[in-house]
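Fold and geometry: a report
What follows is the residue order along each chain.
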Amino acid sequence: VILDPLLATAWVEDRAFPIGTWASSHSMIKSEGVQVVGVCRVLTHWVPFQFVPCNDHVNVFTWDAPQNDHSCLNVVLEKIGKCLGFSSVLVSRQQRLVPTSDRCGALAINFLHSAIFQSQLVTSADEAEAMHIQLRHKFVTLLSKTEFVIRPWIWGTGDIEQEVSADNESSHADPDLR
């Protein structure tokens, strides 16, 4: 099951319908052991996650640079697990050691691809840049073939390297700078 990124982000920002409403229509996740993957924007940064059910327990894996705070995301991930009916939820953060901070979207997609297809994660900034270029090309090609955008999107701005005030946060950052 793919959890919509905008929905996950809205839950982190407390701007969506209750998690339990979504969970009640996805009972097969627990009953059939179906995995859930998704990404969530935490402040201005995309973080991937994967739910892996194991009977009455669910492991939730994330992958990110060590300096990023996941406390608000962890609360939501735990609540999703509980609303899905799991008696215990363990959020395990795998630390991303790739030394790049402005390719969080491509890195998140790389994590999801690795989780689904057991492919290798990127290991360098150059690999992250190549993946970013490839994904941007696919995105631009798709947009050029349609008159309407079929889904909304939000641009992330990478890892936060210094304190950011609410005045200079922007969810509409120039995509050419990514």
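Residues numbered from 1 in each chain as written. Predicted model: local features only at pLDDT ≥ 70, side-chain atom pairs only at ≥ 80, totals over all residues. Heavy atoms only, no water.

**A short note on the pattern of salt bridges**
How we decide: The term salt bridge refers to a pairing of a side-chain nitrogen on Lys or Arg with a carboxyl oxygen on Asp or Glu at a separation within 4 Å. Runs of E in the DSSP output that reach at least two residues are strands. Runs of H or I that reach at least four are helices, and both are numbered from the N terminus.
Counting across every chain of the model gives 6 salt bridges. Its salt-bridge partner being Arg93, residue Asp64 comes within 3.9 Å of it at the nearest N-O pair. Linking Asp64 in strand E4 (residues 57–64) with Arg93 in strand E5 (residues 88–95), this pair joins segments that are 29 residues apart in sequence. With a closest N to O distance of 2.7 Å, Glu129 and Arg103 form a salt bridge. Placement of Glu129 in helix H6 (residues 125–144) and of Arg103 in the loop between E5 and helix H5 (104–117) is noted, with a sequence separation of 26 residues between them. Through salt bridges with shared partners, one network takes in Asp64, Arg93 and Arg96.

**Some details on unusual backbone geometry**
Basically, it comes down to this: Relative accessibility decides the category of a residue: with a 1.4 Å probe and only protein chains considered, values under 20% of the type maximum give buried, values over 50% give exposed, and everything between is partly exposed.
Its identity as a non-glycine residue notwithstanding, Asp14 has a phi of 55 degrees, on the positive side. Within the fold, Asp14 resides in the loop between helix H1 (5–12) and helix H2 (19–24). Residue Asp14 is classed as exposed on the basis of its relative accessible area, which comes to 71%.

**Overview of the nonpolar core**
Formally: What we call a nonpolar core is a set of buried Ala, Val, Leu, Ile, Met, Phe, Trp, Tyr and Cys residues that are connected through their side-chain atoms within 4.5 Å.
If you look at the biggest cluster of nonpolar residues, it comprises 25 residues, and the most contacted ones within it are Leu3, Trp11, Trp22, Phe49, Phe51, Val60 and Ile80. Residue assignment for this core shows that the elements contributing at least two residues are H1, H2, strand E2 (36–42), strand E3 (45–54), E4, helix H4 (71–83) and E5.

**Section: the pairing of E5**
The line we're drawing: When DSSP finds two or more bridges between two strands, those strands count as paired.
Here E4 pairs with E5 via 8 bridges, running parallel. If you follow Phe61 over to E5, its bridge partner there is Ser92.

**Side note on the sheet that holds E2**
Rules: We call two residues contacting when some pair of their heavy atoms lies within 4.5 Å. Lines fitted to the C-alpha atoms define the axes, with helices restricted to the stretch that makes contact. Angles between their N-to-C directions range from 0 to 180 degrees.
The strand order E1-E2-E3-E4-E5 describes an open sheet built from 5 strands, whose pairing is mixed. The sheet is open, and its two borders are formed by strand E1 (2–3) and E5, each paired with just one other strand. For E3 and E4, the ladder comprises 6 bridges, and the chain directions are antiparallel. By the bridge assignment, Pro53 is partnered in E4 with Val58. Sitting on the sheet, H1 touches E1, E2 and E3, and the angle it makes with E2 is about 55 degrees. Together, E2, E3, E4 and E5 form the strand contacts of H5, whose direction differs from that of E3 by roughly 15 degrees.

**As for the pairing of E3**
By the criterion of burial, E3 is predominantly enclosed, with 8 of the 10 residues buried. Two strands pair when backbone bridges link them, and E2 and E3 are joined in this way by 7 bridges, in the antiparallel orientation. For Val42, the partnering residue across the bridge sits in E3 and is His45. Where E2 folds back on E3, the antiparallel hairpin that results is connected by 2 residues, among which Leu43 adopts a positive phi of roughly 60 degrees. Taking the residues between adjacent antiparallel strands as the criterion, E3 and E4 are bridged by 2 residues, where Asn55 takes a positive phi near 60 degrees.

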